[in-house]
Amino acid sequence: MHRSIKTNIISAAISVLLGTAASGAWAVSISDELNQSPDVKQFHELDTNNDGHLNYTEASRDSFYTKEHFNAADKNKDAKLSQEEYSNYKTAQQKKEVGRVVDDSTITAKVKANILKEEGFKGLQVSVETYKGVVQLSGFVNSKAQIQKAGEVAKAVEGVKSVKNNLIVKG
(Lines give C-alpha, C1' and ligand atoms only; values in the text may rest on other atoms or scores of the structure.)
Protein backbone atom coordinates (compact mmCIF):
# COMPACT_ATOMS: atom_id res chain seq x y z
CA MET A 1 0.00 0.00 0.00
CA HIS A 2 2.83 2.35 0.88
CA ARG A 3 4.43 1.71 -2.50
CA SER A 4 1.08 2.38 -4.24
CA ILE A 5 0.74 5.80 -2.58
CA LYS A 6 4.30 6.66 -3.58
CA THR A 7 3.60 5.59 -7.16
CA ASN A 8 0.41 7.68 -7.24
CA ILE A 9 2.26 10.72 -5.89
CA ILE A 10 5.03 10.32 -8.49
CA SER A 11 2.44 9.85 -11.25
CA ALA A 12 0.57 12.93 -10.08
CA ALA A 13 3.81 14.96 -9.96
CA ILE A 14 4.74 13.87 -13.48
CA SER A 15 1.26 14.75 -14.71
CA VAL A 16 1.51 18.20 -13.11
CA LEU A 17 4.97 18.77 -14.58
CA LEU A 18 3.88 17.62 -18.02
CA GLY A 19 0.74 19.70 -17.79
CA THR A 20 2.76 22.73 -16.74
CA ALA A 21 5.21 22.21 -19.56
CA ALA A 22 2.40 21.79 -22.06
CA SER A 23 0.54 24.85 -20.79
CA GLY A 24 3.82 26.77 -20.84
CA ALA A 25 4.29 25.87 -24.49
CA TRP A 26 0.70 26.84 -25.17
CA ALA A 27 1.25 30.17 -23.35
CA VAL A 28 4.36 30.83 -25.45
CA SER A 29 2.51 30.19 -28.71
CA ILE A 30 -0.39 32.44 -27.58
CA SER A 31 2.12 35.06 -26.48
CA ASP A 32 3.94 34.89 -29.81
CA GLU A 33 0.62 35.30 -31.62
CA LEU A 34 -0.33 38.31 -29.47
CA ASN A 35 3.08 39.95 -29.91
CA GLN A 36 2.99 39.61 -33.70
CA SER A 37 2.24 42.95 -35.33
CA PRO A 38 -0.95 43.34 -37.38
CA ASP A 39 1.22 43.96 -40.47
CA VAL A 40 2.99 40.62 -40.04
CA LYS A 41 -0.33 38.80 -39.67
CA GLN A 42 -1.75 40.59 -42.71
CA PHE A 43 1.38 39.81 -44.73
CA HIS A 44 0.97 36.09 -44.02
CA GLU A 45 -2.73 36.23 -44.93
CA LEU A 46 -1.93 37.96 -48.23
CA ASP A 47 0.89 35.53 -49.09
CA THR A 48 -1.47 33.05 -50.74
CA ASN A 49 1.26 31.03 -52.44
CA ASN A 50 3.23 30.86 -49.15
CA ASP A 51 6.55 31.74 -50.76
CA GLY A 52 7.42 34.34 -48.10
CA HIS A 53 6.99 37.24 -50.52
CA LEU A 54 4.10 39.22 -51.97
CA ASN A 55 3.79 39.77 -55.68
CA TYR A 56 1.74 42.78 -56.80
CA THR A 57 -1.45 40.73 -57.16
CA GLU A 58 -1.17 39.46 -53.58
CA ALA A 59 -0.19 42.87 -52.15
CA SER A 60 -2.99 44.67 -54.00
CA ARG A 61 -5.56 42.81 -51.91
CA ASP A 62 -4.43 45.24 -49.17
CA SER A 63 -6.20 48.44 -50.31
CA PHE A 64 -3.19 50.48 -49.18
CA TYR A 65 -0.92 48.84 -51.75
CA THR A 66 -1.61 50.61 -55.01
CA LYS A 67 0.91 50.07 -57.82
CA GLU A 68 2.68 53.27 -56.72
CA HIS A 69 2.97 52.13 -53.09
CA PHE A 70 4.04 48.63 -54.15
CA ASN A 71 6.85 50.01 -56.33
CA ALA A 72 7.99 52.40 -53.59
CA ALA A 73 8.02 49.60 -51.00
CA ASP A 74 9.98 47.25 -53.29
CA LYS A 75 13.39 48.55 -52.22
CA ASN A 76 15.45 45.91 -54.03
CA LYS A 77 13.29 46.18 -57.19
CA ASP A 78 12.72 42.43 -57.50
CA ALA A 79 8.96 42.83 -58.20
CA LYS A 80 8.01 41.28 -54.87
CA LEU A 81 7.81 42.44 -51.27
CA SER A 82 9.48 40.70 -48.38
CA GLN A 83 7.68 40.86 -45.06
CA GLU A 84 10.19 43.52 -43.99
CA GLU A 85 9.63 45.68 -47.09
CA TYR A 86 5.85 45.33 -46.70
CA SER A 87 5.82 46.26 -42.99
CA ASN A 88 8.50 48.97 -43.06
CA TYR A 89 6.92 50.91 -45.92
CA LYS A 90 3.39 50.65 -44.58
CA THR A 91 4.45 51.70 -41.07
CA ALA A 92 6.42 54.68 -42.41
CA GLN A 93 3.47 55.85 -44.51
CA GLN A 94 1.05 55.45 -41.59
CA LYS A 95 3.37 57.51 -39.38
CA LYS A 96 3.46 60.25 -42.03
CA GLU A 97 -0.34 60.29 -42.17
CA VAL A 98 -0.64 60.47 -38.38
CA GLY A 99 1.85 63.35 -38.39
CA ARG A 100 -0.15 65.15 -41.06
CA VAL A 101 -3.39 64.75 -39.12
CA VAL A 102 -1.73 66.04 -35.95
CA ASP A 103 -0.31 69.00 -37.89
CA ASP A 104 -3.71 69.78 -39.40
CA SER A 105 -5.38 69.53 -35.98
CA THR A 106 -2.80 71.87 -34.47
CA ILE A 107 -3.27 74.39 -37.29
CA THR A 108 -7.06 74.25 -36.86
CA ALA A 109 -6.81 74.84 -33.11
CA LYS A 110 -4.40 77.77 -33.54
CA VAL A 111 -6.52 79.42 -36.24
CA LYS A 112 -9.69 79.07 -34.14
CA ALA A 113 -7.96 80.47 -31.04
CA ASN A 114 -6.43 83.39 -32.93
CA ILE A 115 -9.74 84.29 -34.61
CA LEU A 116 -11.53 84.22 -31.26
CA LYS A 117 -8.90 86.60 -29.81
CA GLU A 118 -9.82 89.17 -32.43
CA GLU A 119 -12.24 91.87 -31.42
CA GLY A 120 -15.81 91.32 -32.58
CA PHE A 121 -15.46 87.58 -33.30
CA LYS A 122 -16.68 86.21 -29.96
CA GLY A 123 -20.09 84.59 -30.33
CA LEU A 124 -19.79 84.28 -34.09
CA GLN A 125 -19.98 80.87 -35.66
CA VAL A 126 -16.80 80.56 -37.69
CA SER A 127 -15.90 77.01 -38.63
CA VAL A 128 -12.27 76.12 -39.31
CA GLU A 129 -11.18 72.93 -41.06
CA THR A 130 -7.68 72.01 -42.22
CA TYR A 131 -6.49 69.38 -44.66
CA LYS A 132 -2.83 69.13 -45.66
CA GLY A 133 -2.22 72.68 -44.48
CA VAL A 134 -5.12 74.17 -46.45
CA VAL A 135 -7.47 76.02 -44.07
CA GLN A 136 -11.12 76.40 -44.93
CA LEU A 137 -13.11 79.08 -43.13
CA SER A 138 -16.89 78.95 -43.24
CA GLY A 139 -19.78 80.43 -41.32
CA PHE A 140 -21.30 83.85 -40.79
CA VAL A 141 -19.77 87.16 -39.72
CA ASN A 142 -21.06 90.70 -39.34
CA SER A 143 -18.99 92.50 -41.99
CA LYS A 144 -16.74 92.19 -45.01
CA ALA A 145 -13.90 93.52 -42.83
CA GLN A 146 -14.32 90.46 -40.56
CA ILE A 147 -14.08 88.16 -43.58
CA GLN A 148 -10.81 89.80 -44.56
CA LYS A 149 -9.46 89.83 -40.98
CA ALA A 150 -10.26 86.13 -40.40
CA GLY A 151 -8.43 85.27 -43.63
CA GLU A 152 -5.38 87.29 -42.57
CA VAL A 153 -5.35 85.69 -39.12
CA ALA A 154 -5.55 82.21 -40.64
CA LYS A 155 -2.75 82.91 -43.16
CA ALA A 156 -0.47 84.09 -40.33
CA VAL A 157 -0.55 80.72 -38.52
CA GLU A 158 2.57 78.62 -38.99
CA GLY A 159 2.03 75.64 -41.31
CA VAL A 160 -0.85 77.18 -43.25
CA LYS A 161 -0.27 76.70 -46.98
CA SER A 162 -3.40 78.50 -48.17
CA VAL A 163 -6.80 79.69 -46.98
CA LYS A 164 -10.19 79.08 -48.58
CA ASN A 165 -12.28 81.83 -47.11
CA ASN A 166 -15.96 80.93 -47.45
CA LEU A 167 -17.22 83.25 -44.73
CA ILE A 168 -20.48 85.07 -45.48
CA VAL A 169 -21.78 88.36 -44.10
CA LYS A 170 -25.06 87.84 -42.22
CA GLY A 171 -27.69 89.63 -44.05
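A quick note: this is a predicted structure, and the numbers were derived from the prediction, not measured.

So, how was this worked out
- Residues numbered from 1 in each chain as written.
- Predicted model: local features only at pLDDT ≥ 70, side-chain atom pairs only at ≥ 80, totals over all residues.
- Heavy atoms only, no water.
- Helix = DSSP H or I, 4+ residues; strand = E, 2+ residues; numbered from the N terminus.
- Buried < 20%, exposed > 50% of the residue type's maximum accessible area, 1.4 Å probe, protein only.
- Contact = heavy atoms within 4.5 Å.
- Areas by Shrake-Rupley, 256 points an atom, 1.4 Å probe, with all protein chains shown as cover.
- Expected span 1.5 Å × (residues − 1).
- Arc of directions from axis to C-beta.
- Pairing = 2+ DSSP bridges.
- Core = buried A, V, L, I, M, F, W, Y, C linked by side-chain atoms within 4.5 Å.

> Quick one: what's the story with the overall build of the chain, residue by residue and with numbers?
Helix and strand counts for the chain come out as six helices and five strands. Across the chain, helices and strands are ordered from the amino to the carboxyl terminus as α-α-β-α-α-β-α-β-β-α-β. Buried positions account for 27% of the 171 residues belonging to the chain. For the chain, long-range pairs separated by at least 24 residues make up 51% of all intrachain contacts whose partners lie at least 6 apart in sequence. As displayed, the chain has an accessible area near 11,600 Å², and 56% of this comes from carbon and sulfur atoms.

> With reference to specific residues and values, describe helix H6 (residues 144–155).
In this model, H6 (12 residues) spans 17 Å end to end at C-alpha, consistent with the 16 Å of a helix rising 1.5 Å per residue. Gln146, Ile147, Ala150, Gly151, Val153 and Ala154 are the residues of H6 that are buried. Buried residues in H6, looked at end-on, bunch into an arc of 165°, giving them a common side. H6 presents Lys144, Ala145, Gln148 and Lys155 as exposed residues on the side facing more than 90 degrees away from its buried surface. Buried residues along H6 sit against helix H5 (83–117), strand S4 (134–141) and strand S5 (162–169).

> Before we move on, could you go through the pairing of strand S3 (residues 125–131) and cite the residues and values that matter?
Consecutive side chains of a regular strand alternate in pointing toward one face of the sheet and then the other. Only one face of S3 is covered, namely the one carrying Val126, Val128 and Thr130; the face carrying Gln125, Ser127, Glu129 and Tyr131 has none of its residues buried. Direction of pairing for S3 relative to S4: antiparallel, over a ladder of seven bridges. Residue pairing for S4: Val128 is matched across the bridge by Leu137. In textbook terms, the turn of a hairpin is the stretch between consecutive antiparallel strands, and for S3 and S4 this stretch comprises two residues, one of which, Lys132, has a positive phi near 55°.

> For the nonpolar core, give the residues involved together with the corresponding values.
One finds Val111, Ile115, Val126, Val135 and Leu137 to be the most contacted residues of the largest nonpolar core, which totals 18 residues. Sorting the residues of this core by element identifies H5, S3, S4, H6 and S5 as the ones contributing at least two each. The greatest single-element share of this core, amounting to four residues, is contributed by H6. If near-sequence neighbours (up to four positions away) are discounted, Leu137 is found in contact with Val111, Ile115, Ser127, Val128, Ala150, Gly151, Ala154, Val163, Lys164, Asn165, Asn166 and Leu167. Residues Leu54, Tyr65, Phe70 and Tyr86 belong to the second largest nonpolar core, which totals 10 residues.

> Describe unusual backbone geometry, and please don't skip the residues or the numbers.
Phi angles above zero are rare outside glycine, and Lys77 is one such case at about 55°. Inspection of the secondary structure assignment puts Lys77 in the loop between helix H4 (67–73) and strand S2 (81–82). Here Lys77 falls in the exposed class, since its relative accessible area comes to 59%. The backbone of Ala79 sits at a positive phi, close to 65°, despite the residue not being glycine.

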